[in-house]
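Tertiary structure, described
The chain contents come next:
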Amino acid sequence: MMPKESNESSNEEQIKIDKDGMEVAGDLTEQSEEMIGKRIRRHSPSPHRLTPQSSPPRFVSVEELMETAKGVTNMALAHEIVMNSAFQVKAYEPKEGSLEKRVKEIMHKAFWDCLESQLTGDPPSYTHAVILVGDIKETLLSFLLPGQSRMRGQIEEALDLSLIQQEAENGALDISKVAQFIIDMMGTVCAPCRDEDVKQLREITDIVPLFKSMFAVLDKMKFDMANFAVSSLRPHLLQQSVEYERKKFQEFMEKQPNALDFTKKWLQDTADIVTGVEGEGGAACSPNSAQLPRTVHNHAYLRLLKWDHDAESFPETFLMDQSRFQEMQQELEQLALVATVLLIVYNSAGEAISGLPGLTERLKKIIKILLAEMYTPSFKADDTFAAIGEKLCLELKGCLSQHGFSPFSADRESTLKGQIVAVKSADNPIRKVIDSRIQSYLLGFLESSFHKSAPVLPGGLAPISKELEEIAVKLGRLVTFNKLVYSPFYQKILQDILKQGESVDV
């Protein structure tokens, strides 16, 4: 939220939100605590999971552990602000029908009923009203920048609680006048998006509903201010976050000596794959190649897009981005299916539909809509791919007829539907080719930062080129930042794995 009375002072003082009334987008605190739990649990062997060899556990005090958890939570929050341009602080609301929500509603109703009872008494009592005015005063003051002394003085003078209390005791308090001043001040300091809310406050005449509505609007203004401060701080956080995250992770490692076990396993497994490809007829780097560390590292990043999150523990250096990799992984799997089906359709229909404007986008839209629920429990692959076959054949029939071509024969249509249904299998040869080309493109994108040349889009990926490039850019951003933070750790690990005496470059 941008206060209407401008001031160039720092916005760092503006985030003054009650923790009980806010929720960080993405539930960062819960994620951070889960990360801590994952690392700590690695000290206790599990019969259900293969755990890499760990360093001897170091016993730490509860105070040390809590301080470390707090540091990782703060690191996760800073990381999210930097990496997520859509990051926002938002209000916390208990789940509908939950006991927490019910208790909250009962308490709020009791409070406002008590206020109404006091104000409508004979004589009226203003005990609760004065308390509310004090809360509103503190909230309004928290919105002001350090240099807004004139406005601060106006609020202090108009909302002098001792004077208001004296007026109430002497029966001279005009609570409506106080409320009007509050509304005027809210209109002055609120963001433009709250102007309509403030305008509606002026139309409320009953004092209790007015106070309830004022608090509702003030709550919105708190989050406006917090999110404005977050957006203002992002450029400064970006400059400091690399050193900050590296420092916090180093502190964590000092408490948990085996904090990089899964990262080491991730890089070791990747190195085994990369150096073992040569024996299978691939083009791997030789063990002594100067490019081997970078090659291993880039392939390791690609493996995160094929990760089995249920069976393998994610590398510790990427825990804060695990959900982002899962999201990209799902997007890539859907894109591979879209590209595979389109390749089959165009190969089947041939020149009859080649180059027809808008057809590819229409077909792609149909496929994406039908695959939208792909990662939900209710998704049924057989039914979905059968429906895709039906819809696409119907679309092709209309398109061929419109452009004067003969429709598909029943046998040809049946064959096409069968080929589309077969795409549901991960072993489908066309799907595997498309997936391999996607991986090659993404690898080329990661390597392009070193070679300074953009990768060539492989054949069959043109229909998904825009979406694929967006994911590649997102991946590149994550990888670049991750390298900046953790490169000293990666260099040491890869140097040990690859047995290269000199310092390696990742």
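Residues numbered from 1 in each chain as written. Predicted model: local features only at pLDDT ≥ 70, side-chain atom pairs only at ≥ 80, totals over all residues. Heavy atoms only, no water.

Brief notes about the overall build of the protein
Looking only at helices and strands, the protein has 17 helices and two strands in total. Here the protein holds 506 residues, and the buried ones make up 43% of them. Considering only contacts in the protein between residues 6 or more positions apart, those separated by 24 or more positions represent 73%. By element, 52% of the accessible surface of the protein is carried by carbon and sulfur atoms, the whole surface being about 27200 Å². (Helix = DSSP H or I, 4+ residues; strand = E, 2+ residues; numbered from the N terminus. Buried < 20%, exposed > 50% of the residue type's maximum accessible area, 1.4 Å probe, protein only. Contact = heavy atoms within 4.5 Å. Areas by Shrake-Rupley, 256 points an atom, 1.4 Å probe, with all protein chains shown as cover.)

Focus: the nonpolar core
Grouped together as the largest cluster of nonpolar side chains are 79 residues, with contacts concentrated most on Trp266, Phe325, Val345, Leu392, Ile438, Leu442 and Leu475. Looking at this core, the element that brings in the most residues is helix H17 (residues 465-498), giving 15 residues. Setting aside residues no more than four positions away along its own chain, Leu475 makes contact with Leu302, Leu305, Phe325, Met328, Leu442 and Leu446. Val130, Ile164, Ile175 and Val178 belong to the second-largest nonpolar core, a separate cluster that totals 41 residues. (Core = buried A, V, L, I, M, F, W, Y, C linked by side-chain atoms within 4.5 Å.)

What to know about the packing of helix H11 (residues 292-303) against H17
Running from amino to carboxyl end, H11 crosses H17 at an angle of 125 degrees, the nearest separation of the two axes being 10 Å. Classified by the angle their axes make, H11 and H17 are oblique. Every pair of crossing elements has a handedness; the one defined by H11 and H17 is right-handed. Contacts from Leu292, Pro293, Val296, His297, Asn298, Tyr301 and Leu302 of H11 reach H17 at Leu475, Val479, Asn482, Lys483, Tyr490, Leu494 and Leu498. Residue classes in the contact of H11 with H17 are distributed as 10 nonpolar, three polar and one charged. (Axes fitted to C-alpha atoms, helices over the stretch in contact; angles between N-to-C directions. Parallel < 35°, antiparallel > 145°, perpendicular 65-115°, else oblique. Left-handed = near helix turned anticlockwise from the far one by under 90°. Nonpolar A, V, L, I, M, F, W, Y, C, P; charged D, E, K, R; others polar.)

With respect to the packing of aromatic side chains
Within a pair of aromatic rings, the relevant descriptors are the distance that separates the centres and the angle that separates the planes. For the structure shown, the criterion picks out 14 aromatic pairs. Summarising the aromatic geometry, the rings of Phe318 and Phe325 are spaced 5.0 Å apart at their centres and angled 80 degrees between planes, so their arrangement reads as edge-to-face. Each residue in the set Phe249, Trp266, Tyr301, Trp307, Phe314, Phe318, Phe325, Tyr486, Phe489 and Tyr490 is aromatic and connected to the rest through ring pairs, giving one cluster. (Phe/Tyr/Trp six-rings, centres within 6.5 Å; stacked < 30°, edge-to-face > 60°.)

Observations concerning unusual backbone geometry
Going from Asp122 to Pro123, the amide bond is cis rather than trans, its omega being 0 degrees. Inspection of the secondary structure puts Pro123 in the loop between helix H3 (99-119) and helix H4 (127-143).

A short note on the state of the cysteines
All told, the structure shown has zero disulfides when counted by the stated rule. The thiol of Cys193 is unpaired, and the distance to the nearest cysteine sulfur, on Cys190, comes to 7.6 Å. (Disulfide = S-S within 2.5 Å.)

Regarding the pattern of salt bridges
Between side chains of opposite charge, pairing is possible as soon as their charged atoms come close. One pass over the full model with this rule turns up 22 salt bridges. A salt bridge links Glu331 to Lys474, with the nearest nitrogen and oxygen atoms 3.9 Å apart. Taken together, the positions of Glu331 in helix H12 (residues 322-349) and Lys474 in helix H17 put the pair 143 residues apart, joining distant regions of the chain. On the basis of relative accessible area, Glu331 is assigned to the partly exposed category, the value being 26%. For Lys474, a relative accessible area of 27% gives the class partly exposed. Here Glu361 makes a salt bridge to Lys364, at a shortest N to O gap of 3.4 Å. Of this pair, Glu361 and Lys364 are both found in helix H13 (residues 359-370), three residues apart, which corresponds to roughly one turn of the helix. Connected via shared salt-bridge partners are Arg194, Asp197, Lys220 and Asp224. (Salt bridge = Lys/Arg side-chain N within 4 Å of Asp/Glu carboxyl O.)

Here's the deal with H4
With 17 residues, H4 extends 25 Å from end C-alpha to end C-alpha; this agrees with the ideal 24 Å at 1.5 Å per step. Of all 17 residues in H4, 12 are buried, a share of seventy percent or more. (Expected span 1.5 Å × (residues − 1).)

A few points about the environment of Glu333
Counting through the fold element by element, Glu333 comes out in helix H12. In this structure, the C-alpha to C-alpha distance between Glu333 and Leu305, residues 28 residues apart in sequence, is 9.5 Å. For Glu333, the residues in contact, after removing those within four places along its chain, are Met374 and Tyr375.

Considerations on the packing of H4 against helix H6 (residues 161-169)
With their axes 10 Å apart at the nearest point, H4 and H6 run at an angle of 160 degrees to one another. With respect to each other, H4 and H6 are oriented roughly antiparallel. The two elements H4 and H6 cross, and the hand of that crossing is right-handed. Residues Val130, Val133 and Gly134 of H4 form the contact with H6, whose participating residues are Leu161, Ile164 and Gln165. Here the residues of the contact of H4 with H6 sort into four nonpolar, two polar and no charged.

Some thoughts on a nonpolar patch on the surface
Residues Leu99, Val103 and Met107 make up a contiguous nonpolar surface patch of about 330 Å² in total accessible area. Of note, Leu99 is situated in helix H3. Take Leu99: its relative accessible area is 67%, and that puts it in the exposed class. (Patch = residues over 30% accessible without salt bridge, like charges linked within 9 Å, V, L, I, M, F, W, Y side chains within 5 Å.)

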